Amino acid sequence: MKLRALLPLLAFIVLVIFLAIGLTRDPKKITSPLIDKAAPAFRLPSVADPSKFVSSEDFKGKVVIFNVWASWCVACREEHPLLVKFSKTSQTPIYGLNYKDERSDALRWLQAFGNPYVVSAFDLKGTVGIDWGVYGVPETFIIDKKGIIRFKQIGPVTPEILNQEMIPLIAKLEQES
Amino acid sequence: MKRLSLIVMTTIIFMASPLWAAFNTYEFEDPEKKERFGKLINELRCTVCQNQTIADSNADLAKDLRDKVYVMVQEGQNEEQIKTFLVDRFSDFVLYRPPVNRSTYLLWIGPFVLLIIAFIFLLVQIRKRNQTVSTVIDPQQHARIETLLSQQAKDNKDD
């Protein structure tokens with residue numbers, strides 16, 4: 001009889017536990033189905049020079065970081081110094097995807113805050129963005145030597161994510177043939 | 001005058017509806033395609049503004065996705081192909097109606113399991129209640145009831 005009186009309380013506790021777990025999860029973080037899949041192919045003009053093209057072929061045989069950015073994106077500004085610093089110390093090339101931006105704004109932005117990118121592709125209409133499942137700029141991918149996406153960060157890269165997740169993963173991927 | 005302003009107001013409100021705006025910019029020659037497009041954009045979630053469909057949302061990405069769906073519909077792709085295209089890129093999350101698979105079993109079957117549990121609980125309770133009602137009273141208790149009742153009848157008379 002006593003146990004039965006406790007039942008509503010138990011049910012309530014179970015509910016609270018489930019809700020508490022729910023609170024710790026970020027609904028914005030959707031696991032990308034692109035992980036462990038081949039990077040979507042693209043070919044776009046570069047931001048700096050419209051007559052030159054950037055394509056997914058450029059990633060072949062290298063471990064690369066692919067960073068989606070835009071001059072209108074506030075959070076991009078947050079992670080940008082980190083990328084600039086990383087590009088100066090690391091051999092891993094960072095390719096940029098300039099997402100739905102004005103060319104002149106993008107160029108001014110790179111001039112003002114530094115350019116960590118080997119080259120940035122100019123995705124004016126965001127079609128390549130859709131192909132890559134981009135929905136919250138900035139987004140950062142790591143692609144292995146075989147052209148497979150191995151990592152995706154939605155939102156700005158923080159020093160913790162860079163040091164604890166990305167750099168160890170890149171080191172591991174470099175070992176792979 | 002009053003009626004005229006009413007008509008104008010209603011027209012403005014109707015025109016301002018976002019759904020209307022989303023639809024109006026797309027033209028279809030084939031009514032079947034128009035229907036497919038309308039159905040799809042009302043079933044796909046905008047991943048930026050997570051509680052809106054891409055038809056409802058004014059977000060940039062929602063507009064891009066509407067454009068993409070429009071192009072795919074015009075190319076003659078069917079509902080399944082378009083959904084697969086988006087799920088491959090944005091995960092099952094883009095579907096307002098989640099598919100039945102291992103990670104959604106609980107979601108789909110859960111309510112029915114709860115219903116069955118509630119039903120069993122109810123059955124047990126009803127059976128228990130019926131049992132208490134049919135409990136036989138021993139003669140001693142019966143006698144006591146009789147005395148109490150007659151006592152009360154007497155009290156009532158005295159009032």
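Every value quoted in this text rests on a predicted model; they were computed, and no experiment measured them. (Residues numbered from 1 in each chain as written. Chains lettered and ligands numbered in written order. Predicted model: local features only at pLDDT ≥ 70, side-chain atom pairs only at ≥ 80, totals over all residues. Heavy atoms only, no water.)

To continue, consider the overall build of chain A. Each helix and strand counted, chain A has five helices and seven strands in total. In sequence order, chain A lays out its α and β elements as α-β-β-β-α-β-α-β-α-β-β-α. For chain A, the C-alpha radius of gyration of 20 Å lies well beyond 16 Å, the compact-globule estimate for 177 residues. Taken along its principal axes, the extent of the C-alpha atoms in chain A is 80 × 40 × 30 Å. The buried share among the 177 residues of chain A stands at 46%. (Helix = DSSP H or I, 4+ residues; strand = E, 2+ residues; numbered from the N terminus. Rg over C-alpha atoms; globule rule 2.2 N^0.38 Å. Buried < 20%, exposed > 50% of the residue type's maximum accessible area, 1.4 Å probe, protein only.)

Attention now moves to the overall build of chain B. Along its length, chain B carries seven helices and zero strands. Reading the secondary structure of chain B in the N-to-C direction produces α-α-α-α-α-α-α. Out of the 159 residues in chain B, the part that is buried amounts to 26%. Within chain B, counting contacts between residues at least 6 apart in sequence, those at least 24 apart form 51% of the total. Summed over all atoms, the accessible surface of chain B reaches about 12,000 Å², with 62% contributed by carbon and sulfur. (Contact = heavy atoms within 4.5 Å. Areas by Shrake-Rupley, 256 points an atom, 1.4 Å probe, with all protein chains shown as cover.)

On to the side chain of S57(B), then. Residue and element names in this part refer to chain B. Looking at where S57 falls in the secondary structure, it is placed in the loop between α3 (31-41) and α4 (60-74). Judged by relative accessible area, S57 falls into the buried class, the value being 1%. The contacts of S57, once residues within four sequence positions are left out, are C46, C49, Q52, A62 and R66.

Domain parsing of chain B yields domain 1 (22-99) and domain 2 (104-158). With centres defined by C-alpha atoms, the gap from domain 1 of chain B to domain 2 of chain B works out at 55 Å. (Domains from an automatic or database assignment.)

On to the interface of chain B and chain A, then. With 17 residues of chain B in contact, the opposing surface of chain A contributes 16 residues. Carbon and sulfur atoms make up 54% of the area that chain B and chain A hide from each other, which totals about 1,400 Å². The interface formed by chain B and chain A includes three salt bridges. Across the salt bridge formed by R89(B) and D131(A), the nearest N and O atoms sit 3.0 Å from each other. The tally of links from chain B across to chain A stands at three residue pairs in polar contact (both at pLDDT 80 or more). Counting residues per element, the ones that place at least two in the side of chain B that touches chain A are α4, α5 (79-90) and α6 (105-133) of chain B. (Buried area = accessible area lost by both parts, 1.4 Å probe. Salt bridge = Lys/Arg side-chain N within 4 Å of Asp/Glu carboxyl O. Polar contact = N/O pair within 3.5 Å; in protein donor to acceptor, adjacent residues only side chain to side chain.)

Quick look at the pattern of salt bridges now. All chains considered together, the criterion is met by 16 salt bridges over all chains. Between K152(A) and E139(A) there is a salt bridge, with its nearest N and O atoms 3.1 Å apart. Here E139(A) lies in strand β6 (residues 139-143) and K152(A) lies in strand β7 (residues 149-154), a separation of 13 residues in the sequence. For the pair K152(A) and E139(A), a shared accessibility class is recorded, and that class is buried. With a shortest N-O distance of 3.1 Å, E79(B) and K39(B) are connected by a salt bridge. Residue E79(B) is located in helix α5, and its partner K39(B) is located in helix α3; the two are separated by 40 residues in the primary sequence. With relative accessibility at 40%, the residue K39(B) sits in the partly exposed group. Each of the salt bridges in this network shares a partner with another, and the network as a whole consists of K39(B), E43(B), E79(B), K83(B) and R97(B).

Residue and element names in this part refer to chain A. Inspection of the entire model under this criterion finds 18 aromatic pairs over all chains. The interplanar angle of 50° and the centroid separation of 4.6 Å between the aromatic rings of F66 and W132 together place this pair among those described as tilted. Here the residue F66 occupies a position in strand β3 (residues 64-69), and W132 occupies one in the loop between α4 (127-131) and β6, the gap between them amounting to 66 residues. Look at W132 and you get buried, because its relative accessible area is 0%. (Phe/Tyr/Trp six-rings, centres within 6.5 Å; stacked < 30°, edge-to-face > 60°.)

Here the focus is the packing of α3(B) against α4(B). Residues and elements named next belong to chain B. Where α3 contacts α4, the axes come no closer than 10 Å and their chain directions differ by 145°. As α3 packs across α4, the resulting crossing turns out to be right-handed. From α3, K33, R36, F37, L40 and I41 reach across to α4, where they touch R66, V69, Y70, V73 and Q74. Partitioned by chemical class, the residues of the contact of α3 with α4 number six nonpolar, one polar and three charged. (Axes fitted to C-alpha atoms, helices over the stretch in contact; angles between N-to-C directions. Left-handed = near helix turned anticlockwise from the far one by under 90°. Nonpolar A, V, L, I, M, F, W, Y, C, P; charged D, E, K, R; others polar.)

Residue and element names in this part refer to chain A. Within the secondary structure layout, D101 lies in the loop between β4 (94-99) and α3 (103-113). Here D101 is buried and forms no salt bridge, its nearest opposite-charge partner R108 lying at an N-O distance of 9.1 Å. Reaching out from D101, the side chain makes a polar contact with the backbone nitrogen of S71 at a distance of 2.6 Å. Separated by 3.0 Å, the side chains of D101 and N98 make a polar contact. Every residue in contact with D101, bar those within four places of it in the chain, is listed here: W69, A70, S71, W72, A106, F122 and L124. (Lys, Arg positive; Asp, Glu negative; His and termini not counted.)

On to a nonpolar patch on the surface. Residues and elements named next belong to chain A. Residues L6, L7, L9, L10, F12, I13, L15, V16, I17, L19 and I21 make up a contiguous nonpolar surface patch of roughly 1,000 Å² in combined accessible area. Here L15 shows up in helix α1 (residues 2-24). With a relative accessible area of 48%, L15 lands in the partly exposed category. (Patch = residues over 30% accessible without salt bridge, like charges linked within 9 Å, V, L, I, M, F, W, Y side chains within 5 Å.)

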